[in-house]
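Residue-level structure breakdown
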Amino acid sequence: MATTVTTTTAEPVLPNEGGQKKPLLQEYDLPLREKDMPPVIRQIVGNAPPNRKVAAFIASLAPLCALATRIRIKYFYDTRISALLLHVIIEGPQSSGKSFAADIEDLIMRDTLKARDKEQRRKEQNYREKKKRRSQNKQLEEEPKTDIRVVPPTISKTVLVKRADNFERNLGDTVSFWMFAEELAMVTDAGKQGYSNLRTIMRTGWDLGSLFGIDFASDNSYSAIVDINICCMFCSTPAALDRYMDRESIEGGNITRCLLCPIDDNLDSEPAIFKPYTDEQNLDIKLTLKKIMDDTYTADGQLQPTRKLEMEWIDSVVIRWCNKKKKQAKETQSEAIKTFYRRSSATAFRVAALCYYLYQLEDSDEELLPLYQKRCIRIYHFMADYTLTQLLNRWGNRYEQLNAERQSDGYTTKRDNSLIAQLPDEFTRKQISQACEKLGLTTSPRQFIYMWTQNGTVRAIDKNHFAKIKN
């Protein structure tokens, strides 16, 4: 039986003309029994307390995706091949126990990417020290070829571009960066300096093949056009997340590339204490992580070939879910649902692909593939609904508001007044549509209603009937 986990986020409300609240999903079940989860995830979730099962599942995804950097997948609605790239944010109030994410990150990365990067950084450090000590006329040996993948969120654009270019020059292909911060405020503070504002790079870093470039005239800087791929996980308080996801990030698409996991405990909740891993669990985790690293690097440190993961079996599931949400967006006239569901599905697809890969690492028997696919379909449904719900909970209202403001910028006050003049003192949604058509306005009637109710021009009688407010 699945474990039920109740989230205690504030009651989600989608914007609507009448001001009615539309509660969204508040309780989540793990998509599978703990013992049916893929390796590594299975051990992590199994040792998590009940009020952290879902959060532990989500916190394990991004670091595992960063390791599995040679996996390639084809999402049905994309024209090009994708990689396993995820951006996860664990959100919770102060002292809510977000440190569990750091423990999970360290478990996965300590003996894999971090251990490899430690050797690479030592080479760079030794070279810098030699450069300082050398006499002015002494020729220095060639700079070591390194490929650093674990980078801090405070990294500058120039250094990030240089490290990404090193992948191409030294390894012959792009690989994923891993970025983790226990405090999202670090990212926000660094972003105040233009050279460390990574918002645009984070958007392109979510898609394989999206290029970012810098070009400087100075010989002391670094210029290149590169494919930067980033997997990341940040822990954040609500206030820090508000500062990070500003208007530019909301309208620019940072939020839709985000897998948000809110955590909050009631006063009556038990402390979120994780059980220690047994020797057997630690061995299973290490064996799986080693297999992923062996799929990434050869014995001499070069890259393994990419591996195309066959995922066509889930295409019909993706299509049905997207069509369902498209219909919901049309029925509710919600711009937020219309925009958010697309990348929610893409995120869920990547999670399902990661799990499918992990299952096959553990046992590649072809007879088990139908079972793995069945489990991954459940994981896809869970993650698609979860991701969309959290986006709507957190940013649905704000996105609708900004969209209404943007739509209204395309029309003059005169035309807006002309539309109001076409309507009787009490009018219906259909009458607004007819008046818009007469005036040649393409803005959704729902947007006009939202603006009018916000500025006190009209009030809602019910869902489909409205009245002008006379001064």
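As the structure is a prediction and not an experimental result, all values here were calculated from the model. (Residues numbered from 1 in each chain as written. Predicted model: local features only at pLDDT ≥ 70, side-chain atom pairs only at ≥ 80, totals over all residues. Heavy atoms only, no water.)

Moving on to the sheet that holds strand β10 (residues 258-262). Pairing is parallel across the open sheet formed by four strands, whose spatial order is β6-β9-β5-β10. Where the open sheet ends on each side, the last strands, each with one partner, are β6 (176-181) and β10. Across this sheet, the average inter-strand angle for adjacent strands is 10°, counted without regard to direction. Both β6 and strand β9 (residues 229-236) contribute to a ladder of six bridges, which runs parallel. Bridge assignment links Met-179 to a residue of β9, and that residue is Cys-232. (Pairing = 2+ DSSP bridges. Helix = DSSP H or I, 4+ residues; strand = E, 2+ residues; numbered from the N terminus. Axes fitted to C-alpha atoms, helices over the stretch in contact; angles between N-to-C directions.)

What follows covers the pattern of salt bridges. Any two side chains of opposite charge can pair if their charged atoms end up close together. Going through the model one piece at a time under the given rule, you end up with 19 salt bridges. Ionic pairing is found between Asp-36 and Arg-33, a salt bridge with its closest N-O pair at 2.8 Å. On the accessibility criterion, Arg-33 (40% relative accessible area) is partly exposed. The salt bridge partner of Asp-111 is Arg-110, with a shortest N-O separation of 3.9 Å. What makes Arg-110 partly exposed here is its relative accessible area of 38%. Overlapping salt bridges, with partners in common, bring together Glu-105, Asp-106, Arg-110, Asp-111 and Lys-114 in one network. (Salt bridge = Lys/Arg side-chain N within 4 Å of Asp/Glu carboxyl O. Buried < 20%, exposed > 50% of the residue type's maximum accessible area, 1.4 Å probe, protein only.)

One pair of aromatic rings is described through two measures. These are the centre distance and the angle between the planes. Enumeration according to the criterion identifies 13 aromatic pairs in this entry. Arranged with centres 5.1 Å apart and planes meeting at 55°, the rings of Tyr-75 and Phe-349 form a pair that is tilted. With Tyr-75 in the loop between β3 (71-73) and β4 (82-83) and Phe-349 in helix α13 (residues 335-362), the pair connects residues that are 274 residues apart, well separated along the chain. Phe-349 shares its class with Tyr-75; the two are buried. Through pairs of rings, three or more aromatic residues link up here, namely Tyr-75, Phe-76, Tyr-77 and Phe-349. Above the plane of the ring of Tyr-297 lies Arg-116, whose end atom (NZ or CZ) is 3.8 Å from the centre. (Phe/Tyr/Trp six-rings, centres within 6.5 Å; stacked < 30°, edge-to-face > 60°. Lys NZ or Arg CZ within 6 Å of the ring centre and 35° of its normal.)

Another point: the sheet that holds strand β12 (residues 426-428). In a beta sheet, neighbouring strands pair by backbone hydrogen bonds and run either parallel or antiparallel. The strand order across the open sheet formed by three strands is β12-β14-β13, and the pairing between neighbours is antiparallel. Taken across any chain shown, the strands that pair with only one partner, and hence form the sheet edges, are β12 and β13 (458-460). Each strand of the sheet is rotated relative to its neighbour by a mean of 30°, with strand direction disregarded. Pairing geometry for β12 and strand β14 (residues 465-468), over three bridges, is antiparallel. Bridge pairing in β14 places Glu-426 opposite Ala-467.

To continue, consider the pairing of strand β5 (residues 87-91). Within β5, five of the five residues are buried, leaving the element largely enclosed by the surrounding structure. Residues His-87, Ile-89 and Glu-91 line one face of β5 and the alternating positions Val-88 and Ile-90 line the opposite face, and both faces are buried. With five bridges joining them, β5 and β9 adopt parallel strand pairing. Pairing of Val-88 across the sheet is with Met-233, part of β9.

As a further point, take the confidence of the model for the protein. Predicted confidence across the protein gives a mean pLDDT of 86, with 86% of residues reaching 70 or more. Every residue in residues 1-26 is under pLDDT 50, and counting partners more than four places away or in other chains gives 63 contacts. For residues 410-415, every residue scores under 50 in pLDDT, and the model assigns this stretch six contacts once sequence neighbours within four places are set aside. (pLDDT = per-residue confidence, 0-100. Contact = heavy atoms within 4.5 Å.)

In this fold, Asn-403 is placed in helix α14 (residues 369-408). Each C-alpha atom of the pair Asn-403 and Ala-336 lies 8.8 Å from the other, and the pair is 67 residues apart in sequence. Each residue touching Asn-403, except ones within four places of it in the same chain, is listed here: Glu-335 and Gln-447.

Position of Tyr-450 relative to the elements: it lies in helix α17 (residues 445-455). Measuring from C-alpha to C-alpha, the distance between Tyr-450 and Ala-404 comes to 7.3 Å, with 46 residues separating the pair along the chain.

Orientation of helix α12 (residues 315-332) relative to α13, taken along the N-to-C sense of each, is 165°, at an axis distance of 9 Å. With respect to each other, α12 and α13 are oriented roughly antiparallel. Read as a crossing pair, α12 and α13 show a hand that is right-handed. In contact with Val-318, Trp-321, Cys-322, Lys-325, Lys-326, Gln-328, Ala-329 and Thr-332 of α12, α13 contributes Ile-337, Lys-338, Tyr-341, Ser-344, Ser-345 and Phe-349. (Parallel < 35°, antiparallel > 145°, perpendicular 65-115°, else oblique. Left-handed = near helix turned anticlockwise from the far one by under 90°.)

Here the focus is the side chain of Ser-334. Examined against the element boundaries, Ser-334 turns out to sit in the loop between α12 and α13. At a separation of 3.4 Å, a polar atom in the side chain of Ser-334 contacts the main-chain amide nitrogen of Ala-336. (Polar contact = N/O pair within 3.5 Å; in protein donor to acceptor, adjacent residues only side chain to side chain.)

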